[in-house]
Amino acid sequence: MRSVDEYGREFSAAATWEQIRCKQPVVVWSKFIWFAQGVPRYAFIAWLAVKDRLSTGSKMRFWGRVQCCMLCGEPGETRDHLFFAFPYSYTLWLQVIDTLLRPPPSPDWSEIVARIMAGSVGSLQSILLRLAFQVSI
Ligand SMILES: [Zn+2]
């Protein structure tokens, strides 16, 4: 790899990216969201969900808009409500994961994420579980 001041005939996007990016420590959930078998558009939405950056009703309140949960009318539409404290989404979630996560998790977001992250990263079950999680979101 060339230094910052050294120029050559070939351009490398990867080398350029390594030179201009700000390196941060790897977060514990990175393999939970970004993995080789993942689908980028699902991973992106799941990344927003993990960082609690989805524009839910509770976030929109800060923007001056009041929006309840469109599905049940719950005034505090939060990420945790949508995934998976809301009984309908929880029921769907349990059907999607079926036997992939036993015993079935509680509807608590933190517990679900912790249990999925506890699996070995390379196993087929873990890959399927992470995909199911991202697709559900
Ligand atoms: Zn709801």
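Values in this document were obtained by computation on a predicted structure and should not be read as measured data.

### What about the coordination of the zinc ion?
At this site the zinc ion is bound by Cys-69 (SG), Cys-72 (SG) and His-81 (NE2), with donor distances of 2.0 to 2.2 Å. The sequence motif formed by the donor residues of the zinc ion is C-x2-C-x8-H. Residue classification places Cys-69 among the buried residues on the basis of a relative accessible area of 4%. You can call Cys-72 partly exposed: its relative accessible area is 39%.

### Thoughts on the side chain of Thr-56
If you trace the backbone, Thr-56 turns up in the loop between helix H3 (40–50) and helix H4 (57–62). At 3.2 Å, the side chain of Thr-56 and the side chain of Ser-58 are in polar contact. Not counting the four nearest positions on each side in its chain, Thr-56 is found in contact with Glu-77, Thr-78, Arg-79 and Leu-82.

### A look at the UniProt feature "domain: Reverse transcriptase zinc-binding" (unreviewed entry) in the protein
The UniProt record marks residues 11–93 with the feature "domain: Reverse transcriptase zinc-binding" (unreviewed entry), using the residue numbering of this structure. Span residues 11–93 is 52% helix and 0% strand, its end C-alpha atoms 46 Å apart.

### Thoughts on the pattern of salt bridges
According to the stated counting rule, one finds 4 salt bridges in the structure shown. Put simply, Glu-18 and Arg-21 hold a salt bridge, and the shortest N to O gap is 3.5 Å. Take Glu-18: its relative accessible area is 31%, and that puts it in the partly exposed class. Here Arg-79 makes a salt bridge to Asp-80, at a shortest N to O gap of 2.8 Å. With relative accessibility at 11%, the residue Arg-79 sits in the buried group. A single salt-bridge network, built from bridges that share partners, covers Glu-18, Arg-21 and Lys-23.

Conventions we followed
- Residues numbered from 1 in each chain as written.
- Predicted model: local features only at pLDDT ≥ 70, side-chain atom pairs only at ≥ 80, totals over all residues.
- Heavy atoms only, no water.
- Donors = N, O, S within 2.8 Å, 3.2 Å for Na, K, Ca; no water.
- Buried < 20%, exposed > 50% of the residue type's maximum accessible area, 1.4 Å probe, protein only.
- Helix = DSSP H or I, 4+ residues; strand = E, 2+ residues; numbered from the N terminus.
- Polar contact = N/O pair within 3.5 Å; in protein donor to acceptor, adjacent residues only side chain to side chain.
- Contact = heavy atoms within 4.5 Å.
- UniProt positions renumbered as here; feature names shortened; annotations may be inferred.
- Salt bridge = Lys/Arg side-chain N within 4 Å of Asp/Glu carboxyl O.

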